[in-house]
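One letter stands for each residue in the lines below.
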Amino acid sequence: MACDFSMNPFTMVFITLLVLVLQSLSTFGDEQLLVRDYYKETCPMVEEIVRYNLQFAVLKNPRMAASLLRLHFHDCFVMGCDASVLLDSYGGMVSEKQAGPNVNSLHGFEVIDRIKYQLEEACPLVVSCADILAIAARDAVAVRGGPGWEVYLGRKDSLKASFDGANQFIPAPNSSLETLIANFKQQGLDIGDLVALSGSHTMGKARCLSFRQHIHDESAEEHYDKYKRYTPFRRILRSICPKTGKDNQLAPLDFETPARFDNHYFLNILEGRGLLGSDNVLVTEDHEGEIRKQVWAYAADQELFFASFANSMIKMGNINVLYGNEGEVRKNCRFVNT
Ligand code: HEM
Ligand SMILES: *[C@@H]1O[C@H](CO)[C@@H](O)[C@H](O)[C@H]1NC(C)=O
């Protein structure tokens, strides 16, 4: 029965096809992954150039660390981490910068421009704007005393922006907990990521416009002490941000240690001292107590928070990444290449 081992044409075709499919799957898989050493050969200085410019920018304006962290978040939540947020309005396309959550509120575009300019001198058309945002966000956290992590690279830049997407997908500060959870879930992020990443509000500032509704909400129990009087915290915020006017007046998101990336945010929200409504609902609307447990754990153990935060940032940095020909490397982060 040895003749049974000789392949009939069908088996041969089948095996050839199988090998081809497996090969294409494996190369396909390789291309669809961010990697640490993506620019090792083509632009070995990339991380140094970003870090140097970031440190310089933060020396000039300490808030810039917070602003650059937020920029990466607002990029990733709209069509993925593809630098769509950096595009200016052009032709018929309206910039995401004009959308409600971003207008008069997002900062740091000039810093990205400067980094891009230097990268174009060092290694033209190699480093994507989306990768610059991811590296800058990581360095922004580190420079303020937060955790470090390896940034995975190889993102491509989008060919368009989505003004509607920015209005739809970036969570609003008056969202309920349920809405926040749904919002993150849409991006493939879970409740654990929501809690850890909200810890970003340990640095930076918000405008009166963003916290007015919360601070004047008579039904928010965290505004009263046990004698049913307004807490000093609430009185101070109401004087900074009256019921009308002073829309652009700023307050720090973390009153205790506004300049440091630490776990104070979680201590704050346990005491009802989150600045935004969306900060406080993590504790006040968590009826099962699972989130509160997480918040307590982070408040008690900064290293635990740091580890979770780094993990969730890597996860966020992977949202709907463009690979290979799905995008391009822009020459100028504000415009698609012509
Ligand atoms: C959970 C849902 C979130 C909501 C509703 C929210 C909302 C806001 C709002 C309203 C501001 C103030 C904007 C202004 O008034 O100009 C702000 C600031 C900020 N957010 Fe969030 N945010 C959320 C999650 C995140 C995440 C996931 C990150 C980062 C990974 C982040 C990082 C920041 C930073 C660093 C600032 C300060 C920016 C600066 O000072 O320039 N936020 N956020
Ligand atoms: C949240 O604020 C926006 C804009 O100020 C407002 O239109 C909306 O009704 C508010 N939503 C809730 C749930 O309060």
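Residues numbered from 1 in each chain as written. Chains lettered and ligands numbered in written order. Predicted model: local features only at pLDDT ≥ 70, side-chain atom pairs only at ≥ 80, totals over all residues. Heavy atoms only, no water.

For the chain, an unreviewed UniProt entry supplies the name Peroxidase and the organism Populus euphratica. The UniProt entry for the chain carries this comment under Function (unreviewed entry): "Removal of H(2)O(2), oxidation of toxic reductants, biosynthesis and degradation of lignin, suberization, auxin catabolism, response to environmental stresses such as wounding, pathogen attack and oxidative stress. These functions might be dependent on each isozyme/isoform in each plant tissue." (UniProt positions renumbered as here; feature names shortened; annotations may be inferred.)

What follows deals with the coordination of the iron atom of ligand 1. Donation to the iron atom of ligand 1 from the protein comes from one atom only, His-201 (NE2), at 2.1 Å. Position of His-201 relative to the elements: it lies in the loop between α8 (191-198) and β1 (205-207). (Donors = N, O, S within 2.8 Å, 3.2 Å for Na, K, Ca; no water. Helix = DSSP H or I, 4+ residues; strand = E, 2+ residues; numbered from the N terminus.)

Another aspect to go through is unusual backbone geometry. Even without being glycine, Met-79 reaches a positive phi, approximately 65 degrees. Its place among the elements puts Met-79 in the loop between α3 (64-76) and α4 (109-122). Relative accessible area serves as the criterion here: at 29%, Met-79 is assigned to the partly exposed category. The backbone phi angle of Asn-320 is positive, close to 40 degrees, even though this residue is not glycine. Mapped onto the elements, Asn-320 comes out in the segment after α14 (302-316). (Buried < 20%, exposed > 50% of the residue type's maximum accessible area, 1.4 Å probe, protein only.)

A few words now on the site of ligand 1. Near ligand 1 lie 26 residues; those nearest to it are Ser-67, Ser-105, His-201, Arg-207 and Ser-210. With respect to ligand 1, the side chain of Arg-63 contributes an N or O atom lying 2.7 Å from an oxygen atom. Residue contributions to the shell around ligand 1 peak at four residues, all from α3. The class makeup of the residues in the shell around ligand 1 is 14 nonpolar, eight polar and four charged. Both domains that meet at the shell around ligand 1, namely domain 1 (46-171 + 317-326) and domain 2 (177-313), each give it at least three residues. (Near = heavy atom within 4 Å. Polar contact = N/O pair within 3.5 Å; in protein donor to acceptor, adjacent residues only side chain to side chain. Nonpolar A, V, L, I, M, F, W, Y, C, P; charged D, E, K, R; others polar. Domains from an automatic or database assignment.)

Turning our attention to the UniProt feature "active site" (unreviewed entry) in the chain. Following the UniProt record, one finds the feature "active site" (unreviewed entry) at His-74. The topology assignment puts His-74 in helix α3. Judged by its relative accessible area of 2%, His-74 falls in the buried class. Apart from the residues lying within four places of it in its own chain, the contact partners of His-74 are Val-85, Glu-96, Pro-101, Asn-102, Leu-106 and Ile-170. (Contact = heavy atoms within 4.5 Å.)

Another point: the packing of aromatic side chains. Following the criterion strictly, the structure yields 16 aromatic pairs and no others. Both rings, one in Trp-149 and one in Phe-309, keep their centres 6.1 Å apart while their planes meet at 70 degrees; by these two values the pair is edge-to-face. Separated by 160 residues along the polypeptide, Trp-149 in the loop between α5 (129-143) and α6 (163-169) and Phe-309 in helix α14 bring together distant segments of the chain. For the pair Trp-149 and Phe-309, a shared accessibility class is recorded, and that class is buried. (Phe/Tyr/Trp six-rings, centres within 6.5 Å; stacked < 30°, edge-to-face > 60°.)

Closest axis-to-axis distance for the α3/α14 pair is 10 Å, and the angle between their directions is 45 degrees. Considering the angle they form, α3 stands oblique to α14. Where α3 abuts α14, its residues Leu-69, His-72, Phe-73 and Cys-76 lie against Phe-309, Met-313 and Met-316. Across the contact of α3 with α14, the residue classes tally to six nonpolar, one polar and no charged. (Axes fitted to C-alpha atoms, helices over the stretch in contact; angles between N-to-C directions. Parallel < 35°, antiparallel > 145°, perpendicular 65-115°, else oblique.)

Before going further, it helps to examine the state of the cysteines. Within the structure shown, the criterion is met by four disulfides. A sulfur-sulfur separation of 1.8 Å characterises the disulfide bridge that pairs Cys-43 with Cys-123. Remark: Cys-123 occurs in the loop between α4 and α5 and Cys-43 occurs in the loop between α1 (9-31) and α2 (46-60); sequence separation between them is 80 residues. For the pair Cys-43 and Cys-123, one class covers both residues: buried. (Disulfide = S-S within 2.5 Å.)

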